[in-house]
Amino acid sequence: MTPQAFRQLMRLHPAAVNIIATGQAPHRTGMTVSAFMSLGVEPPTVVCAINRSAFTYTHMTDNQVFSVNTLAVEHIELAKLFAGQAPLFGDERFDAQQWGGFDSGSPCLHGAVMSLECRLIRQVQESTHCLMVGEVISGRYKDAALPLLYRDGQWVTTSDDLLMVPLER
């Protein structure tokens, strides 16, 4: 399979949109990712794939703690901001009205579908990315939040009957 064909197939895979964040003010950084999943429950672990050339990758390695913030539909602009589609960088992206912190200092997004505080326990390098395995220390959630999804270059969510619905933003 060619890289182009694989990329096109993977674009069709709907995925939750997350912001992976690390650091404490004024040294916070984060990025939008869709490559995130649970790994195990004993101990509770998750994994996310981070491009090794990303600014956030080095900071996650240095800090040894990070957060995973699953975005709700009202967070489309945040998803774009942390994907580098705005001229703000590093700590400038963290608005005090939207962000708090976990005990470890990792950023926590108010109103996220869920937010996890994680301790980095393992890194597995593969190709251009690194799988960052985190042990979950704590978590928070917003019960009624609709998740923001990304599929084939579009922001989508689910309707009450679990059909994907494009968002107009």
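Starting afresh in each chain, residues are numbered from 1 along the sequence in its written order. For a predicted model such as this one, the threshold for reporting local features is a pLDDT of at least 70, and the threshold for listing and counting side-chain atom pairs is 80 or more; totals across whole chains, interfaces and linings nevertheless cover every residue. By convention in this description, side-chain values take in all heavy atoms of the structure and omit both hydrogens and water.

Engineer: Would you mind going over the side chain of Ser106 with me for this structure?
Structural biologist: By the secondary structure assignment, Ser106 is in the loop between strand 7 (99-101) and strand 8 (107-109). Within polar-contact distance, the side chain of Ser106 engages the backbone nitrogen of Phe66 at 3.5 Å. Residue contacts are counted whenever heavy atoms from the two residues lie within 4.5 Å of one another. Filtering out sequence-adjacent residues up to four positions away, Ser106 remains in contact with Gly23, Val65, Phe66, Ser67, Gly100 and Gly101. Every helix listed is a DSSP run of H or I at least four residues long, and every strand listed is a run of E at least two residues long, numbered separately from the N terminus. As used in this structure description, the phrase polar contact means that two N or O atoms lie within 3.5 Å; if the pair is within protein, one of them must be able to donate a hydrogen and the other to accept it, and residues adjacent in sequence are counted only when both atoms belong to side chains.

Engineer: Even after reading the chapter, I still don't get the packing of aromatic side chains, so can you show me in this structure?
Structural biologist: Stacked, edge-to-face and tilted are the three classes for Phe, Tyr and Trp ring pairs, Trp counted by its six-membered ring, which pair at centre distances within 6.5 Å; planes under 30 degrees apart are stacked, over 60 edge-to-face, the rest tilted. Taken as a whole and assessed by the stated rule, the structure comprises 4 aromatic pairs. With 4.9 Å between their ring centres and 65° between their planes, Phe94 and Trp99 make a pair best called edge-to-face. Of the two residues, Phe94 and Trp99, both sit in the buried class. Aromatic ring contacts, followed pair by pair, group Phe82, Phe94 and Trp99 into a single cluster. By the criterion adopted, a ring carries a charge over it if an Arg CZ or a Lys NZ lies within 6 Å of its centre and within 35 degrees of its normal. Taking the ring centre of Phe82 as reference, the NZ or CZ of Arg93 above it sits at 5.6 Å. Burial here depends on accessible area, computed with a 1.4 Å probe over protein chains only, as a share of the maximum for the residue type. Under 20% is buried, over 50% is exposed, and the range in between is partly exposed.

Engineer: What is the right way to read the nonpolar core from this model?
Structural biologist: For soluble globular proteins, nonpolar side chains are generally found buried alongside one another. By nonpolar core is meant a set of buried Ala, Val, Leu, Ile, Met, Phe, Trp, Tyr and Cys residues that side-chain atoms within 4.5 Å join together. Counting 18 residues, the largest nonpolar core has Ile20, Cys48, Ile50, Phe66 and Met132 as the members making the most contacts within it. Contributing elements (two or more residues each) for this core: strand 3 (29-33), strand 5 (44-51), helix 2 (55-63), strand 6 (65-70), strand 9 (114-126) and strand 10 (129-141). Within the second largest apolar cluster, 15 residues are counted, among which are Ile76, Phe94, Trp99 and Trp155.

Engineer: Can you walk me through helix 2 in this structure?
Structural biologist: Every α-helical turn comprises 3.6 residues, leaving residues that sit three or four positions apart pointing alike. Taken together, the buried positions of helix 2 are occupied by Thr56, Tyr57 and Met60. One side of helix 2 holds all its buried residues, which, seen down the axis, span an arc of 105°. Among the exposed residues of helix 2, those pointing more than 90 degrees away from its buried face are Phe55 and Asp62. Looking one or two residues past helix 2, Gln64 carries a phi angle of roughly 65°, positive in sign. Our arc is simply the arc of the directions from the helix axis toward the C-beta atoms.

Engineer: Whenever I open this one, a nonpolar patch on the surface confuses me. Can you help?
Structural biologist: Only residues above 30% relative accessible area that lack a salt bridge enter a patch, with like-charged residues linked at up to 9 Å and the nonpolar side chains Val, Leu, Ile, Met, Phe, Trp and Tyr linked at up to 5 Å. The method behind every accessible area is Shrake-Rupley, applied with a 1.4 Å probe, and residues are considered shielded solely by the protein chains displayed. Salt bridge, as applied in this entry: a Lys or Arg side-chain nitrogen positioned within 4 Å of an Asp or Glu carboxyl oxygen. Residues Met1, Phe6, Leu9, Met10 and Leu12 make up a contiguous nonpolar surface patch of roughly 540 Å² in combined accessible area. Summarising the element assignment, Phe6 is placed in helix 1 (residues 3-11).

Engineer: Would you explain the layout of surface pockets in this entry?
Structural biologist: Where empty space is left can be seen by rolling a probe of water-molecule size over the atoms. Space inside the largest pocket adds up to approximately 1100 Å³. In this analysis the probe radius is 1.4 Å and the grid spacing 1 Å, with only protein atoms considered; a cavity is a set of points the probe fits into but cannot get out of, a pocket is an open set with protein on both sides within 12 Å along at least five of seven lines, and lining residues have an atom within 4 Å of a point. Around the largest pocket, the lining is made up of 32 residues, and of these Met10, Ser34, Ala35, His129 and Tyr150 lie nearest the centre. At the level of elements, helix 1, strand 1 (15-16), strand 3, strand 5, strand 10 and strand 11 (149-151) are the ones that each hand at least two residues to the lining of the largest pocket. In terms of residue count, the dominant contributor to the lining of the largest pocket is helix 1 (5 residues). In this classification, Asp, Glu, Lys and Arg are treated as charged, Ala, Val, Leu, Ile, Met, Phe, Trp, Tyr, Cys and Pro as nonpolar, and every other residue, Gly included, as polar. A per-class count over the lining of the largest pocket returns 18 nonpolar, 9 polar and 5 charged. Grid points are joined across faces, edges and corners, and a volume is the space filled by probe spheres set on the points.

Engineer: Sorry if this is basic, but what is going on with the sheet that holds strand 3 here?
Structural biologist: Backbone hydrogen bonds hold the strands of a sheet together, and the pairing may be parallel or antiparallel. Following DSSP output, two strands are said to pair if at least two bridges run between them. If you trace the 7 strands from one edge of the open sheet to the other, you get 3-2-6-9-10-5-4, paired in antiparallel fashion. Two strands bound the open sheet, and with one partner strand each, they are strand 3 and strand 4 (36-41). Averaged over all pairs of adjacent strands, the angle between their axes in this sheet comes to 35°, without regard to strand direction. Only C-alpha atoms enter the line fits that serve as axes; for helices the fit covers just the stretch in contact. Angles between N-to-C directions range over 0 to 180 degrees.

Engineer: Help me out: how do you make sense of the pattern of salt bridges in this one?
Structural biologist: As enumerated under the stated definition, the model contains 5 salt bridges in all. One salt bridge connects Asp91 with Arg28, and the closest N-O pair in it is separated by 2.5 Å. With Asp91 in the loop between helix 3 (76-82) and strand 7 and Arg28 in the loop between strand 2 (18-22) and strand 3, this residue pair connects regions lying 63 residues apart in the sequence. Asp91 sits in the partly exposed class, given a relative accessible area of 22%.

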